[in-house]
Amino acid sequence: MVKKKKHSTALNEIDGIHQPSSTNSSSIKKIKLKRSELPTTKNFVEQILTGNRSYLSRAITLVESTNLKHQQKASKIINGCLPHAKNSIRIGVTGVPGVGKSTFIEVFGTYLTSLGKKVAVLAVDPSSSVNRGSILGDKTRMERLVKDKNAFIRPSPSGESLGGVAKKTREAIILCEAAGFDTILIETVGVGQSETAVHSMVDFFLLLKLAGAGDELQGIKRGIIEMADAIVINKADGDNIKAAKLAKVEFARALHLYPLKESTWQPKVMTCSAQHNENINQVWKTIEDYIRITQETDYFNRRRKEQNKFWLLETINQHLKDAFYTHPVIKKEFEMQLEKVNDLEITPFDAAEYLLKLHDEKDKI
C-alpha cells in the first residue's frame, strides 16, 4: 500500500522565536513594578507646576478614579496645586448635538494659542446609558489643536453626572490652572435641564446655536438662554448666511426682554463660521470685554466665591446621598419599603420619612 504524501500548507504551525537565556527576568519585574508605582504627591505637584503634561494627565486620571486610594492621592495633589490655581479664564461652551462644538473649540482654541494663550480643553464625552461606555473621540475630532504645543485636550466620560459635566471637572480645572493654562474651555455633552452645572464652574457661558433649527425661541430653552453671556449662531456660511442673520436679530430681541443680569452685562448675539474661521476674533473680543467689565465691578471675584460655595454644598449633598444609599441596612430596608409602597400599604412620603429616621439612628444599628 502506497502512503500518501502529506502536503504542507500555510496553516502549519512553526516554532516561534524563543526568549534568549540572557534576558534577566528580575529586571522585567522591576520595570513592571516601576510602571505601576505612583510618584509621590510632592513629585506630582512639582511636575504639574512645571507644565509636565504626562503628570497632569495622570493626576486627572487619579481624580476621575473611583479607587479610594487614588481619590486620597488626588485630594493631596489638588491641595498642593490649589494655591497656584487662580490665573485663568474659564469658558463654558454648550449647544445641541450637531451645532459644531468640537469644530468651534478647535478653531477658537487655535486662534487663542496664536495670541500666545495656553489653552486647556476639558471635553466631556457622552457615556452610554446602557453599558456606561464612552467614545472619548474629541482628540480625533480636534486634530489640529491636539498637535498644538500650547494646547491640552482632555476628554472625560460624562457618566451620570449633572448636566453632562464630568463629576471631577471642577478638580481638573484646578490642575490645569496650576499647570499654567490661562484659558480653560469646557465643552459639554449638550443642552439639557441641568446645564446649571456648567454655569456654576465657568466665568463666561457661551451658547452655540444653529439658524433654522426650529428652536430659536422655544420656552423650554429659556433657562439656558438666561444663563448665556453670549449666543453664537454657528455655521453662518454659504446658503445659511441669510438665515443666520435673521436668527441673530430674533435672539437679540428676545434677550432684551430678560431682566438685566447682576453683572450688568448685556448678553451679545453673534454669527460665526467655525469651518471657514470667520468672526472667531469677534467672539474672543466679546469675552475680553465681559471679563474687563466684571472685574471692574468686582462681580468676577464675587461670582468665583459663589461658585466655591455652590461646590462646597454640592459635595456635602453628594456625600450625604452616597452615605445614605450605601448603608447596608438602608439598602435592605429600601427594598422592603418600596415593596410596601407598590402594594399600597404605605405612601412614598411615609416610607421616605421612615428610611430617613432609620438613617439618623444608624449609629445604633
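Treat the numbers as computed from the prediction; the structure is a model and nothing was measured.

Conventions we followed
- Residues numbered from 1 in each chain as written.
- Predicted model: local features only at pLDDT ≥ 70, side-chain atom pairs only at ≥ 80, totals over all residues.
- Heavy atoms only, no water.
- pLDDT = per-residue confidence, 0-100.
- Contact = heavy atoms within 4.5 Å.
- Patch = residues over 30% accessible without salt bridge, like charges linked within 9 Å, V, L, I, M, F, W, Y side chains within 5 Å.
- Areas by Shrake-Rupley, 256 points an atom, 1.4 Å probe, with all protein chains shown as cover.
- Salt bridge = Lys/Arg side-chain N within 4 Å of Asp/Glu carboxyl O.
- Helix = DSSP H or I, 4+ residues; strand = E, 2+ residues; numbered from the N terminus.
- Core = buried A, V, L, I, M, F, W, Y, C linked by side-chain atoms within 4.5 Å.
- Buried < 20%, exposed > 50% of the residue type's maximum accessible area, 1.4 Å probe, protein only.

1. Examining the confidence of the model for the protein chain
Note that predicted coordinates carrying low pLDDT should not be read in detail.
Here is step 1 of the chain: Residues at a pLDDT of 70 or more form 76% of the protein chain, whose mean pLDDT is 82.
Here is step 2 of the chain: For the stretch residues 216-220, pLDDT sits under 50, and the model shows eight contacts to residues farther than four places along the chain or on other chains.

2. What about a nonpolar patch on the surface?
Here is step 1 of the chain: On the surface, L312, L313, I316 and L320 cluster together into a nonpolar patch covering about 370 Å² of accessible area.
Here is step 2 of the chain: On the secondary structure map, L312 appears in helix α13 (residues 299-326).

3. A short note on the nonpolar core
Here is step 1 of the chain: I48, I77, L175, C176 and I231 are the most contacted members of the largest nonpolar core, which totals 47 residues.
Here is step 2 of the chain: I48 has contacts with Y55, L56, A59, I77, C81, L175, A178 and A179, leaving out every residue within four places of it along the chain.
Here is step 3 of the chain: V93, V107, V121 and V283 belong to the second largest nonpolar core, which has 35 residues in total.

4. Describing the pattern of salt bridges
Here is step 1 of the chain: Tallying each qualifying case throughout the model produces nine salt bridges.
Here is step 2 of the chain: Between E262 and R302 there is a salt bridge, and its shortest N-O distance comes to 3.2 Å. Here E262 is found in the loop between α11 (241-255) and β7 (268-271), whereas its partner R302 is found in helix α13, with 40 residues between them in sequence.
Here is step 3 of the chain: Here the salt bridges share partners, and the residues they tie into one network are K285, D289, R292 and E296.

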